[in-house]
Amino acid sequence: MSKRLKRALREEDTAARLGGDEFILLLPGNNARGAAQVAQKILGVISEPYKSKHYDLIVTASIGIALYPDDGSDMDTLSKNADIAMYQAKHEGRNGYRFFTAKMQVHAMRNLQLANALRYALEGNQFQVYYQPQVSIRNGYIIGAEVLLRWHNPTLGNVSPNEFIPVAEDCGVILSIGEWVLRSSVMQLKRWIDNGHPPIIIAVNLSAVQFRHPNLLDMVTLILKEAQLPPEYLELELTEGAAMHEPLKAIAVMNNLHELGVQMSIDDFGTGYSSLNYLKKFKAYKLKIDQSFVRDINTDLEDKAIVAAIISMSKNLGLRTIAEGVETSEQLAFLREQGCDEAQGYYYSKPVPAEQFECLLTNTTM
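Residues numbered from 1 in each chain as written. Predicted model: local features only at pLDDT ≥ 70, side-chain atom pairs only at ≥ 80, totals over all residues. Heavy atoms only, no water.

Q: Is there a simple way to think about the nonpolar core in this case?
A: The nonpolar side chains of soluble globular proteins are, as a tendency, buried together. Of all hydrophobic cores here, the largest spans 81 residues; its most connected members are Trp151, Val220, Leu234 and Leu236. If one sorts the elements of this core by residue count, helix 6 (residues 174–194) sits on top with 7 residues. Apart from the residues within four sequence positions on either side, tryptophan 151 is in contact with Leu114, Ala117, Leu118, Ala121, Gln126, Phe127, Leu156, Gly157, Asn158, Val159 and Phe164. With 16 residues, the next largest nonpolar core counts Ala39, Leu43, Tyr50 and Tyr97 among its residues. (Core = buried A, V, L, I, M, F, W, Y, C linked by side-chain atoms within 4.5 Å. Buried < 20%, exposed > 50% of the residue type's maximum accessible area, 1.4 Å probe, protein only. Helix = DSSP H or I, 4+ residues; strand = E, 2+ residues; numbered from the N terminus. Contact = heavy atoms within 4.5 Å.)

Q: Quick question: what am I supposed to make of unusual backbone geometry here?
A: Most peptide bonds take the trans configuration, and most residues that are not glycine carry a negative phi. Here the amide bond leading from tyrosine 68 into proline 69 is cis, since omega sits at 0°, within 30 degrees of zero. Secondary-structure assignment places proline 69 in the loop between strand 5 (62–65) and helix 3 (75–91). With phi around 55°, lysine 53 is a residue other than glycine that occupies positive phi space. Mapped onto the secondary structure, lysine 53 falls in the loop between strand 3 (50–52) and strand 4 (55–57). You will see that asparagine 95, though not glycine, has its phi angle at about 55°, which is positive. Along the polypeptide, asparagine 95 turns up in the loop between helix 3 and strand 6 (96–99). Using a relative accessible area of 42% as the deciding quantity, one classes asparagine 95 as partly exposed.

Q: Any chance you could explain the pattern of salt bridges here in plain terms?
A: Side chains that carry opposite charge are capable of pairing whenever their charged atoms lie near each other. Overall, the coordinates contain 14 salt bridges when judged by the stated rule. Measuring nitrogen to oxygen at the nearest pair gives 2.4 Å for the salt bridge that ties glutamate 92 to arginine 98. As a salt-bridge pair, lysine 288 and glutamate 324 come within 3.8 Å of each other at their nearest N and O atoms. In this pair, lysine 288 sits in strand 13 (residues 286–289) while glutamate 324 sits in strand 14 (residues 320–324), placing the two residues 36 residues apart along the sequence. The pair formed by lysine 288 and glutamate 324 is uniform in burial state, with each residue classed as buried. The network of salt bridges with shared partners includes Glu146, Glu237, Lys288 and Glu324. (Salt bridge = Lys/Arg side-chain N within 4 Å of Asp/Glu carboxyl O.)

Q: Before we go on, may I ask you to explain the side chain of glutamine 132 in this structure?
A: Mapped onto the secondary structure, glutamine 132 falls in strand 7 (residues 127–136). Not counting residues within four places of it along the chain, the set of residues in contact with glutamine 132 comprises Gly144, Ala145, Glu146, Leu148, Gln344, Gly345, Tyr346, Ser349, Lys350, Pro351 and Phe357.

Q: I tried to follow helix 5 (residues 161–171) on my own but got confused; where do I start?
A: Because an α-helix completes one turn every 3.6 residues, residues spaced three or four positions apart along the sequence face the same direction. Within helix 5 the residues assigned to the buried category are Phe164, Val167, Ala168 and Cys171. The buried side chains of helix 5 occupy one side of the element, clustering within an arc of 105° when seen end-on. Opposite the buried face of helix 5, by more than 90 degrees, sit the exposed residues Asn162 and Asp170. Next to the buried residues of helix 5 lie helix 4 (102–118), strand 7, strand 8 (142–153), strand 9 (157–159) and helix 6. Here helix 5 starts with a cap whose side-chain oxygen sits 3.1 Å from the backbone nitrogen of asparagine 162, and that cap is serine 160. Phi turns positive, to about 90°, at glycine 172, one or two residues after helix 5. (Arc of directions from axis to C-beta. Polar contact = N/O pair within 3.5 Å; in protein donor to acceptor, adjacent residues only side chain to side chain.)

Q: I keep staring at helix 13 (residues 301–317) and nothing clicks. Help me out?
A: The first and last C-alpha atoms of helix 13 sit 24 Å apart over 17 residues, in line with the 24 Å expected at 1.5 Å per residue. For helix 13, the complete set of buried residues consists of Asp303, Val307, Ile310, Ile311, Met313 and Ser314. Within helix 13, the buried residues cover an arc of 165° as seen down the axis, which keeps them to one side. Projecting away from the buried face of helix 13 at angles above 90 degrees are the exposed residues Leu301, Glu302, Lys315 and Asn316. (Expected span 1.5 Å × (residues − 1).)

Q: How should the packing of aromatic side chains be read in this particular structure?
A: The tally for this structure, following the rule as stated, stands at 9 aromatic pairs. A centroid spacing of 6.2 Å and a plane angle of 40° characterise the contact between phenylalanine 127 and tryptophan 180, whose relative ring orientation is tilted. Linking phenylalanine 127 in strand 7 with tryptophan 180 in helix 6, this pair joins segments that are 53 residues apart in sequence. We classify phenylalanine 127 as buried; its relative accessible area is 8%. Take tryptophan 180: its relative accessible area is 30%, and that puts it in the partly exposed class. Look at tryptophan 151 and phenylalanine 164: their rings are 5.4 Å apart centre to centre, the planes differ by 80°, and that puts the pair in the edge-to-face class. Of the two residues, tryptophan 151 sits in strand 8 while phenylalanine 164 sits in helix 5, which places them 13 residues apart along the sequence. Note on phenylalanine 164: relative accessible area 0%, which makes it buried. (Phe/Tyr/Trp six-rings, centres within 6.5 Å; stacked < 30°, edge-to-face > 60°.)

This is the structure:
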């Protein structure tokens, strides 16, 4: 690769290997257009097959570009900003290049701020578990609850899970946070049962990082044993995208959890790239219809058709369905008409802390 890079550059340019698979290029006297042309050329020469014995190896690159003096007046600043742009290129699909922008800088600084704060969030008791009822459409009883994580930082205030969960995955703290959420919610359900409430199923989201971790089964087993909770009252939600990342491995993990007695469901169904061939092999018992399809089912014919098709397919596969984001009686009526089993959303209740959810359990019909 080093030889190819040198051949793609001018004599006055410099190619240096920083370490690992990272290189840095210095292109004196070049403007943005020239840098883009060089980047395109480099992507082309790198992606040509590398011959190794009897194999052709295919490699792609992600390139970040920072321009002097707008993006930095010294080497350290230029290098840092080019690195930020490179990670943006990776995030957007790899095998491409991106120019550094001020917006990237703000985003990178925010992520760094969140990553630093997340490392102390657990020991600082900054997390709280909320619960949103999952209701039987047939009789209106609460039969489950989705577990949702909330984070209030003394300095940053309330931070959305959509923002901090990806950062927690990137900086490696998602495993400890995920274990805390699972243990807290399992222990809470056991307390509700001990207080005389009928058992329900709690649905805990698994991040892709948690799902792929080799210690997942042992962790789930230990927590259920500590709480003395029967495994059939625990449901682990896995997004469609995470399940399809490595479907054969996903099937093996789901089989192990199924043998333990834990329920598995596919979250955000319809937003990923499911193969029906793999879907029938997943040990899932429920598909969760994404709220993006539910939101306009009374006005959008395509959403109506998609939701109806998911429910029909699920019935034929012997799977239950739950619709999220239900906010109106009209949405509920359509879902009932199509034969959807469960619903959750603001029509019933927003996510609430444990003590408020226990009050909902006292009045189980919604």
